[in-house]
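# Coordinates in review
Here is how the chains run, residue by residue.
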Amino acid sequence: MSASKKTPRVNAVKGTRDILPPDSVVWQAMEQKAMRVFSRFGYREIRTPVMEPTELFVRSIGESTDIVNKEMYEFKDKKGRSLCLRPEGTASVARAYVEHNLRLQPHPLRLYYLGPMFRYERPQKGRYRQFYQIGAEILGTESPSADLEMLVMVHRFLKELGFRELSILLNSVGCDQCRPEYRAELTEKLRAKKDQLCQDCIQRLDQNPLRVFDCKVPSCRETVTSLPLIGDHLCEGCREHHDRVVEGLQRAGISAGRDDGLVRGLDYYTRTVFEVVSADLGAQNAILGGGRYDRLIQDLGGPETPAIGFAIGEDRLMEILPDSFREASLREPVCYVLPLAPEYLPEAETLALQIREQDVVAVLEVDGRPVRAAMKYADRMTFDRVVFLGEDEVAGGTVTVKEMRTGEQSAMERDVFLNSLT
Ligand code: AMP
């Protein structure tokens, strides 16, 4: 006792957290649902390292972005190489695509990933320094049908989690053909209003003026209301592409709102960008974001490979997950195997194993709790059934089963009980 009083505790790093049961069980069910839905659309998993060369993100996400400028967990390894804990997943997928010559595989290539991401942001509700994303990418196609597929897949996943009222926001940020002209006009207009912009936006002016639309500072928000919109400057190709996506969503019965100011924070997007937001989340209201990135793979030294992807923020999704899904994922029935005296423990060990062989969860009472304490424990753990093994049961090859929900208790042959589980 005295040692633990004196010994200082070690706590988790600021902005990171432990995900404990039963929450971890719900996380797992949510991830399994994502994997199942994405598989149904033909996507397969790619696992990339958590550590990457810093250069990867500088070249892909863009030097002028907040992520690269302020938020990267960057460090030197023992040989002095600059490494980074990944802040997002797409750049790693693109790197892997180039590194493993995946262009030689049949196209388009459909991939999904999940895992932790790291950003040195100010922690707050819904914003962590280690957070989790599930993402998907379709590489090697320019077709607007691929954009549509992504949105339909996201919608399907959210629907199967039980969400009803989430808003999909959609926009086009144009391409190499139409964006430069728009950008020039936007920069000119912004220069004229420079005194109304925050320091960050003044800096963004030369690097990526579109990002001013992302700024949360009130004077900047006010300023953008009078700016020209990319939507009014799209070239023929971008307009047709966008119309085709919008029309496809309508046909699929998915409502999506156009958001002219949606530009997304990263440099690599072209044409389609989208977000799903929830009114239940407060300030950090984006659950997922994605978009087309037709140049990224080229920028990383690969062949011309148009692609589109999205990433879902699992932490935020978990915060607003419908109760129906949460409850269903915690509903796996559990048998609690309770030997009524220490001498029946070996027999109880065997019985627990036989139950598990039926693919049913069995928790064994290993500490010899007396019945009253054991029943309290079963109650707290919300076990479904208690399976007693005492003198009579062992002698007669039977078990006594108590249904915790109804309180009903019955004795039966052990084989009959085991068969009833399947
Ligand atoms: P992004 O990669 O910035 O497009 O983010 C995609 C999604 O990841 C967002 O919509 C959020 O749900 C989630 N996300 C991004 N940053 C964080 C963070 N610091 N903490 C928790 N979730 C995050």
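Residues numbered from 1 in each chain as written. Predicted model: local features only at pLDDT ≥ 70, side-chain atom pairs only at ≥ 80, totals over all residues. Heavy atoms only, no water.

## Observations concerning the sheet that holds strand β7 (residues 167-172)
- Strand order in the open sheet formed by 8 strands is β1-β5-β6-β11-β10-β9-β7-β8, and the pairing between neighbours is mixed. Two strands lie at the open edges of the sheet, namely β1 (44-45) and β8 (256-258), each paired on one side alone.
- Bridge analysis of β1 against strand β5 (residues 109-118) gives 2 bridges, and the strand direction is parallel. Note on β5: the bridge partner recorded for R44 is L111. (Pairing = 2+ DSSP bridges. Helix = DSSP H or I, 4+ residues; strand = E, 2+ residues; numbered from the N terminus.)

## What to know about the site of the ligand
- The local shell around the ligand holds 14 residues, among which R119, E121, Y128, R264 and A286 are the closest.
- Measuring from an oxygen atom of the ligand, one finds a backbone N or O atom of I287 at 3.0 Å.
- At 3.4 Å from an oxygen atom of the ligand is found a main-chain nitrogen or oxygen belonging to L288.
- Protein coverage of the free-state accessible area of the ligand, which is 480 Å², stands at 91%.
- Secondary-structure elements contributing two or more residues to the shell around the ligand are β6 (130-139), β10 (286-292) and β11 (307-313).
- Counting residues per element, the shell around the ligand draws most heavily on β10, at 3 residues.
- In terms of residue class, the shell around the ligand is built from 6 nonpolar, 3 polar and 5 charged. (Near = heavy atom within 4 Å. Polar contact = N/O pair within 3.5 Å; in protein donor to acceptor, adjacent residues only side chain to side chain. Areas by Shrake-Rupley, 256 points an atom, 1.4 Å probe, with all protein chains shown as cover. Nonpolar A, V, L, I, M, F, W, Y, C, P; charged D, E, K, R; others polar.)

## A short note on the side chain of D147
- Inspection of the secondary structure puts D147 in helix α6 (residues 144-160).
- At a separation of 2.7 Å, a polar atom in the side chain of D147 contacts the side chain of R292.
- Once residues within four sequence positions are removed from consideration, D147 is found in contact with H241, V245, T272, R292 and I308. (Contact = heavy atoms within 4.5 Å.)

## Some remarks on the sheet that holds strand β4 (residues 82-85)
- The strand order β2-β4-β3 describes an open sheet built from 3 strands, whose pairing is antiparallel. The open sheet has two free edges, formed respectively by β2 (51-53) and β3 (73-76), since each of these has just one partner strand. Across the sheet, the mean angle from the axis of one strand to that of its neighbour is 35 degrees, orientation sign disregarded.
- Where β3 lies against β4, 4 bridges are found, and the strand directions are antiparallel. Pairing of K76 across the sheet is with S82, part of β4. (Axes fitted to C-alpha atoms, helices over the stretch in contact; angles between N-to-C directions.)

## A word on the nonpolar core
- The biggest cluster of nonpolar side chains holds 55 residues, and the ones touching the most others in it are F57, L139, L186, L190, C201 and F213.
- For this core, the element with the highest residue contribution is helix α5 (residues 90-99), accounting for 5 residues.
- Among residues more than four places away in sequence, those in contact with L186 are P209, L210, F213, L227 and P228.
- Judged by nonpolar contacts, the second largest core, of 42 residues, contains Y43, I134, L151 and M153. (Core = buried A, V, L, I, M, F, W, Y, C linked by side-chain atoms within 4.5 Å. Buried < 20%, exposed > 50% of the residue type's maximum accessible area, 1.4 Å probe, protein only.)

## Some thoughts on the environment of E319
- On the secondary structure map, E319 appears in helix α12 (residues 314-319).
- As for E319 and K125, which are separated by 194 residues in sequence, their C-alpha atoms are 9.8 Å apart.
- With residues up to four places along the chain from it excluded, the contact list for E319 reads K125, G126, Y128 and L281.

## Digging into unusual backbone geometry
- In this chain, P21 is followed by P22 through a cis amide linkage whose omega measures 5 degrees.
- Positionally, P22 belongs in the loop between α1 (2-6) and α2 (23-40).
- That bond from H107 to P108 is cis: its omega, -5 degrees, falls within 30 degrees of zero.
- By secondary structure assignment, the location of P108 is in the loop between α5 and β5.

## Quick word on the packing of aromatic side chains
- Within this structure, the stated rule accounts for 8 aromatic pairs.
- Aromatic pair F38 and F310: ring centres 5.8 Å apart, planes at 85 degrees, arrangement edge-to-face. Separated by 272 residues along the polypeptide, F38 in helix α2 and F310 in strand β11 bring together distant segments of the chain. With respect to burial, F38 and F310 carry one shared label: buried.
- Ring centres of Y73 and Y120 lie 5.5 Å apart, and the angle between their planes is 70 degrees; on these two criteria the pair is classed as edge-to-face. In this pair, Y73 is assigned in strand β3 and Y120 in the loop between β5 and β6, connecting sequence segments 47 residues apart.
- Residue class for Y73 comes out partly exposed when judged on its relative accessible area of 22%.
- Judged by its relative accessible area of 44%, Y120 is partly exposed.
- Of the aromatic side chains, those joined through ring pairs into one cluster are F38, Y112, F157 and F310.
- Cation over ring: R129 sits above Y120, and NZ or CZ is 3.9 Å from the ring centre. (Phe/Tyr/Trp six-rings, centres within 6.5 Å; stacked < 30°, edge-to-face > 60°. Lys NZ or Arg CZ within 6 Å of the ring centre and 35° of its normal.)

## Looking at the pairing of β7
- Along β7, 5 of the 6 residues are buried, which leaves the element largely enclosed by surrounding structure.
- Relative to strand β9 (residues 270-277), β7 runs antiparallel, the two being bridged by 6 bridges. Across the sheet, residue I168 finds its bridge partner in β9, namely V276.
- Where β7 and β8 come together, 3 bridges link them in parallel fashion. Residue pairing across strands places I168 opposite A256, the latter belonging to β8.

## A short note on the pairing of β10
- When you tally the buried positions in β10, you get 6 out of 7 residues, the bulk of the element.
- Of the strand pairs in this sheet, β9 and β10 are connected by 6 bridges, and their pairing is antiparallel. Across the sheet, the residue bridging to V273 is G291, located in β10.
- The pairing of β10 with β11 spans 5 bridges and is classified as antiparallel.

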